[in-house]
Amino acid sequence: MGYPDTFQGLCVDGPETWNTFHKSELKPKPFGDHDVDVEIAACSICSSDLHTVTGGWGDYKGPLCVGHEVVGKAVKVGQHVKDLKVGDRVGVGAQVWACLECDLCKDKNENYCPKLVDTYNAQYPDGSWAHGGFASHIRAHEYFTFKIPDALETNVAAPLLCAGITTYSPMVRAHVGPGKRVGVVGIGGLGHLALQWAVALGAETYALTHSPDKKDDCKQLGAKDVILTTEKGWNEPWKAKFDFVMNCADATNKFDMSAYLSILKPGADFHMVGIPDKPLPEMPAGLFAGGAPKLTGSHLGNHQEMDALLKLAAEKGVKPWVELMPISEKNCGEAFQRQKDNKFRYRCTLTEFDKAFPKA
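Owing to the predicted nature of the structure, the values given are computational and were not obtained by experimental measurement.

A. Up close: helix α4 (residues 163–173). When you tally the buried positions in α4, you get 9 out of 11 residues, the bulk of the element. Within α4, the full set of buried residues consists of Ala-163, Gly-164, Ile-165, Thr-166, Thr-167, Tyr-168, Ser-169, Pro-170 and Met-171. Here the buried face of α4 lies against β12 (181–185), α5 (191–200), β15 (242–247), β16 (264–272), α9 (303–316) and β19 (347–351). Directly beyond the C-terminal end of α4, a positive phi value near 60 degrees is found at His-175.

B. Region of the structure containing the environment of Ala-98. Tracing the sequence through the fold places Ala-98 in the loop between β6 (95–97) and α2 (103–106). For the pair Ala-98 and Gly-274, spaced 176 residues apart in sequence, the C-alpha to C-alpha distance is 23 Å. Not counting residues within four places of it along the chain, the set of residues in contact with Ala-98 comprises Cys-105, Glu-110, Cys-113, Leu-116 and Phe-144.

C. The arrangement of the domain arrangement of the protein in detail. Along its sequence, the protein is carved into domain 1 (7–162 + 301–356) and domain 2 (164–297). Placing the centre of domain 1 and that of domain 2 at their C-alpha centroids yields a distance of 27 Å. Across the boundary between the two partners, domain 1 contributes 28 residues, which contact 26 residues of domain 2. Where domain 1 abuts domain 2, roughly 2200 Å² becomes buried across the two surfaces, and 57% of that area is made up of carbon and sulfur atoms. Of all residues in domain 1, Glu-305, Trp-321 and Tyr-346 give up the largest surface area on contact with domain 2, accounting jointly for 28% of the area buried on that side. In this structure, Arg-345 and Asp-217 form a salt bridge, with 3.1 Å as the shortest nitrogen-oxygen distance. The tally of links between domain 1 and domain 2 comes to 15 residue pairs in polar contact (both at pLDDT 80 or more). A per-element tally of the side of domain 1 that touches domain 2 places α9 first, with 7 residues. Each residue belonging to the side of domain 1 that touches domain 2 can be placed in one class, and the counts come to 15 nonpolar, 7 polar and 6 charged.

Analysis parameters
- Within any chain, residue numbers begin from 1 and follow the written order of that chain's sequence.
- Selection of residues for local features in this predicted model requires a pLDDT of at least 70, selection of side-chain atom pairs for listing and counting requires 80 or more, and totals for whole chains, interfaces and linings are taken over all residues.
- Each side-chain value is derived from all of the structure's non-hydrogen atoms; neither hydrogens nor water enter the calculation.
- With a 1.4 Å probe rolled over the protein chains alone, any residue whose accessible area is under 20% of its type maximum counts as buried; one over 50% counts as exposed, and the rest are partly exposed.
- To qualify as a helix, a DSSP run of H or I must reach at least 4 residues; to qualify as a strand, a run of E must reach at least 2; elements of each kind are numbered from the N terminus.
- Contacts between residues were defined by any pair of non-hydrogen atoms, one from each residue, lying within 4.5 Å.
- Domain start and end points were adopted from an automatic or database domain assignment.
- Simply put, the buried area is the total loss of 1.4 Å probe accessible area from both parts when two parts are fitted together.
- A pair is scored as a salt bridge if a Lys or Arg side-chain nitrogen falls within 4 Å of a carboxyl oxygen belonging to Asp or Glu.
- N or O atoms within 3.5 Å of each other form a polar contact, as long as, within protein, one can give a hydrogen and the other can take it, and as long as residues adjacent in sequence are counted only when both atoms are side-chain atoms.
- In this count, Pro and Cys sit with the nonpolar residues alongside Ala, Val, Leu, Ile, Met, Phe, Trp and Tyr, while Asp, Glu, Lys and Arg are called charged and the others, Gly among them, polar.

Below, the structure is given as structure tokens:
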């Protein structure tokens, strides 16, 4: 068999062999009137992919095809699809379906729909499975398929579909903009985009990092200054100075949370988008009563925010820093090992899908 009945994908079989990829046949959900099939041209690697394949977010049974920062060409659209047509360059992120009928969906919070379907390792209501973007094709509902502006290059645009929306949405919901002081903790795949969003939105933006060698990068990304969190008493000059702090690190379990929360103004957010495998450190209630900080988190963003994000990226030149690797069994294994070892600055986009998945 082959497309459109089946897709080809590079898969892993379980956490014990998390960086051993092999080609498998994937059965997509039945094609619906609101679905879009995308022939994939590029897919970036997200830390979520690593957490998933290593079993950090729970056990699974393969073959599992991950990848949820997808850009490609629409090759088939359902008869009720309104805003996309065959031939459009489109992107698919970390969600491919929601009911679009519940109160949350109607309130433009479809990214919190209780019936949402993640892009991979998730089941649709009919029992069929969603498969990720390390594949020849991906099938998604039109509401979660986005036209990519001409100004955004394919390989660079890919990380915006997950890392981009994950960092953009909470900032606009917190009204980040001129007159606000924003801190970004953890300058990696998420953090290097968070810095750019905060700057593009007009905020006075600071990078908080334990890596002195990233200082020049942070300045190049737009940070007004860099706060090294390895220095003793680093938080003292910054107590109650920040309107919003976004945590993009996934090692929060090792943080001195009293120091990080101390830099917030009363009522300001320490907002979590980096999600570690391990729990947060224990925090007494008095830690919150003393300075009135808020500890918050979020998941992706809504359709309108994704459209606005892509427009802002095109207008303001927000660009993920990407390293390119042709997709293959060997390269996927090597790329995931490099991701685990924090070797990329700051994202890896897998390319040359047409060579890995030649048409029959």
